[in-house]
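Examining the three-dimensional arrangement
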Amino acid sequence: MVKKLIENPKKTKQKKAQMKIQQMSFMLIAVFIFFALVGMVVVSVLLNNMQRDAISLKEENAMLLASRIANSPELSCGKVYDKERTNCIDLDKAMVLLKNKEKYKKFWGVASLEIIKTYPKLAQPNNEVECTPQNYPNCNLITLVNNSETPDRYSYVALCRKEIYKGESVNKCELGIIVVGYEGIQ
Amino acid sequence: MKNKNIFQLRPKLNSQMKNKRGDLQISFSWIFAIVAGIFILVLSIYGVTKIIGIYQDQMSGKGAMSIKILTNPFESSFESAKRVLVDGGGEARIYTECSNYSVFGVQTVKTSQKVFNEWSEEDSVEVSMQNRYIFSKNPVEGRNFYVFSKPFEMPFKIADLIYITSTEDKYCFVDAPKDIEEELEYIIGEEPSANENFFVEERRANCPERSTIVCFRASETCDIFVSTTGKYVQKSGARMYYEGNALMYAAIFSEKQDYECQLDRLMKRTEQLFMLYKDKSDFVLEKSNCNSELDFELIEMINLLRDFSSSNEIITINRLAEEIENKNRYAECKLW
């Protein structure tokens, strides 16, 4: 009985110490979880900003490209149609470019690239007629880089080509748009 | 009195011992707290460094992408030799790399920012472009950069060459021919800014201190020598041949290895464009009965370009290009 009385205060002290350790470990876990949550929020905000920046940079790039790509040597009219002019696409050259589609797939760094004739409209009620060497120039769409599932930007351009009129070769220019697609970010 | 003092000391020593025992008990929980604290601290420091790393990568990726976007107006542009000042957003480095292995070769750009007095990692985000030709020191370093472009024609426009210089790298052009002097004065503008890094002088002595001396007469001692008669640029013991002012500036601002690689890429694009014009010639003849009569020369040029290996062949290529241009100018059906 005396022995028990001597041991009891020791046990209660041990229990108190265990309780303290438990309290501290719970506290530490809570602090840890708190910081982890704060970290997660910071990372998600950072990632969100990064995504927004990346999208706006890509959009800006596509917009600038749409307004400038018609002047690149592979598409521009040069001095073929009387004088040098800006935003003029040589359709004959674009048709030849169609044959080399694969080579130029990554050349401009765009997800898609299309030239669409908007005026005059085609005689057929059909909206889009893809150009081939056989139906050219009775068509209104030249797809140089194909990827329809991308957001895009466009710019108005003159579409010029050579045509036979009364037995003679003449210059003919029509109105169109050049559509530049860019890859979105998931 | 003495004895009493001795007996009084005993209980004090006993209580000190007890305290020491108590200290030992407390120290266990302290050790536990310290270990856990260190663990949390290390983890949070690791997290913060990771976040800084991501931020640095984001900055350099953004920087490289911005250069791509910024150079868009220079490529496919009618304006040339117009210079823009680009803010590096603090101390920055622009690394350029040229590869000539694919059909058009590749221009790679990456940037590095100085954050907390340390440069962000060199293996940061790269931006690759097949239709850009950038000539600069490698790496070019500074707080602000001047960017300008000039079209390269052979005989039609092939591409716009883009030049990047740091405002901290001063170039002094001594006794330049009239046309080059006028062009440089146009680039500088009417009122030179505080950041100005191009100087046109008649005498070497007038050049600012620590500037790179570019001279056009063999008698001068200079860092870069341009021979307008021999059509070459001598720099660091290496000779780079050029045709036209666009390539001359390219040779001045870049190193031989980069210059030769970029010229090879330009010749690859020229070859592809000549092939395009050859096909166009056949297509237009078939569709609209319009004959350019340039087929033979175009094939000759394509073969010459296919075998291109170094800048000293550029003079021969240019000679044929001039012949073709003359023929195209008076052709019934112009190709370009």
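Residues numbered from 1 in each chain as written. Chains lettered and ligands numbered in written order. Predicted model: local features only at pLDDT ≥ 70, side-chain atom pairs only at ≥ 80, totals over all residues.

1. Focus: the overall build of chain B
Stated precisely, the cut-off is as follows: Strands here mean DSSP runs of E at least two residues long; helices mean DSSP runs of H or I at least four residues long; both are numbered from the N terminus. Each residue is classed by its C-beta neighbour count within 10 Å, where at least 20 other C-beta atoms makes it buried, 12 or fewer makes it exposed, and intermediate counts make it partly exposed; the C-beta atoms are placed from backbone geometry. By the convention adopted here, residues are in contact when the distance between their C-beta atoms, placed from the backbone, does not exceed 7 Å.
Within chain B, the regular secondary structure consists of six helices and 13 strands. Burial status across chain B gives 36% buried among its 336 residues. Considering only intrachain contacts with a sequence separation of at least 6, the fraction spanning at least 24 residues in chain B is 68%.

2. Let's talk about the sheet that holds strand β2 (residues 112–119) of chain A
Two orientations exist for strands paired in a sheet by backbone hydrogen bonds: parallel and antiparallel. All names here are of chain A. Rules: Strands are treated as partners if at least two bridges between them are detected by DSSP. The axes are straight lines fitted to the C-alpha atoms, using for helices just the contacting stretch, and the angles between their N-to-C directions are given from 0 to 180°.
Taken in spatial order, the five strands make up an open sheet running β1-β4-β5-β2-β3, and their pairing is mixed. The open sheet is flanked by β1 (88–90) and β3 (141–145), the only strands paired with a single partner. The sheet shows a mean angle of 35 degrees between the axes of neighbouring strands, direction not considered. Relative to β1, helix α2 (residues 91–99) is tilted by about 55 degrees, and along the sheet it contacts β1, β2, β3 and β4 (152–165).

3. Quick word on α2 of chain A
Burial analysis of α2 of chain A places seven of its nine residues in the buried class, which makes it a mostly covered element. Of the positions making up α2 of chain A, those classed as buried are Leu91, Asp92, Lys93, Ala94, Met95, Val96 and Leu97 of chain A. On its buried face, α2 of chain A is in contact with β1, β2, β3 and β4 of chain A together with α4 (256–288) of chain B.

4. Thoughts on the environment of valine 42 of chain B
Residue position: valine 42 of chain B is located in helix α1 (residues 2–70). For the pair valine 42 of chain B and lysine 82 of chain B, spaced 40 residues apart in sequence, the C-alpha separation works out to 52 Å.

5. Let's talk about the sheet that holds strand β12 (residues 232–235) of chain B
Residue and element names in this part refer to chain B. The strand order β9-β8-β10-β11-β12-β13 describes an open sheet built from six strands, whose pairing is mixed. Taken across any chain shown, the strands that pair with only one partner, and hence form the sheet edges, are β9 (198–201) and β13 (238–241). Strand-to-strand twist in this sheet, taken as the mean axis angle between neighbours without regard to direction, amounts to 20 degrees. In the sheet, strand β8 (residues 171–174) pairs with β9 via four bridges, with the strands oriented parallel. By the bridge assignment, cysteine 172 is partnered in β9 with phenylalanine 199. Contacts between helix α2 (residues 178–188) and the sheet are confined to β8 and β9, with β9 contributing the most and set at about 140 degrees to the helix.

6. As for the domain arrangement of chain B
Residues and elements named next belong to chain B. Convention followed: Where each domain starts and ends comes from a domain assignment, either automatic or drawn from a database. Three residue categories are used. Nonpolar comprises Ala, Val, Leu, Ile, Met, Phe, Trp, Tyr, Cys and Pro, charged comprises Asp, Glu, Lys and Arg, and polar comprises the others, including Gly.
The assigned domain composition of chain B is domain 1 (1–159), domain 2 (171–254) and domain 3 (262–329). Contact with domain 1, which involves twelve residues of that partner, is made by 13 residues of domain 2. Looking at the side of domain 1 that touches domain 2, the element that brings in the most residues is strand β6 (residues 140–153), giving seven residues. Residue composition of the side of domain 1 that touches domain 2, by class: seven nonpolar, two polar and three charged.

7. Overview of the interface of chain A and chain B
With 42 residues of chain A at the interface, the matching set in chain B holds 40 residues. Of all the secondary-structure elements, those providing two or more residues to the side of chain A that touches chain B are α1 (2–68), α2 and β4 of chain A. If you tally residues by element for the side of chain A that touches chain B, the top one is α1 of chain A, at 18 residues. Tallied by class, residues from the side of chain A that touches chain B come to 21 nonpolar, eight polar and 13 charged.

8. Notes on the confidence of the model for chain A
What counts is decided by this rule: A residue's pLDDT is the confidence the predictor assigns to it, expressed on a 0 to 100 scale.
Predicted confidence across chain A gives a mean pLDDT of 86, with 94% of residues reaching 70 or more. Mean pLDDT across the elements of chain A bottoms out in α1 of chain A (80) and peaks in β1 of chain A (95).

9. A short note on the packing of α4 of chain B against helix α5 (residues 295–306) of chain B
Residues and elements named next belong to chain B. Note the cut-off: In this scheme, roughly parallel covers angles under 35 degrees and roughly antiparallel covers those over 145, while 65 to 115 is roughly perpendicular and the rest are oblique. Left-handed describes a crossing whose near helix is turned anticlockwise from the far helix by less than a right angle; the clockwise case is right-handed.
Packing of α4 against α5 leaves a shortest axis separation of 9 Å and a crossing angle of 155 degrees. When the interaxial angle is binned, α4 and α5 end up roughly antiparallel. In this structure, the crossing between α4 and α5 has a hand that is left-handed. Between α4 and α5, the contacting residues are Met267, Thr270, Glu271, Phe274, Met275, Tyr277, Lys278 and Ser281 on the first element and Asp295, Leu298, Ile299, Met301, Ile302, Leu305 and Arg306 on the second.

10. Quick word on the nonpolar core
Put simply, the rule reads: The term nonpolar core refers to a set of buried Ala, Val, Leu, Ile, Met, Phe, Trp, Tyr and Cys residues connected through C-beta atoms within 7 Å.
Ile89 and Val180 of chain A are the most contacted members of the largest nonpolar core, which has 100 residues in total. Look past the residues within four positions of valine 180 of chain A in its chain and what remains in contact with it is Ala62, Leu65, Ala66, Ile69, Val110, Leu113, Asp152 and Arg153 of chain A.

11. Describing the pairing of β6 of chain B
The two faces of the sheet receive side chains in turn, since in a regular strand these alternate between them. All names here are of chain B. Of all 14 residues that make up β6, ten are buried, and the element is covered over most of its length. As judged from the seven bridges shared by strand β1 (residues 84–99) and β6, these two strands associate in the antiparallel manner. By the bridge assignment for β6, isoleucine 94 is matched with valine 140. In this structure, the hairpin formed by β6 and strand β7 (residues 157–166) is closed by a connection of three residues.

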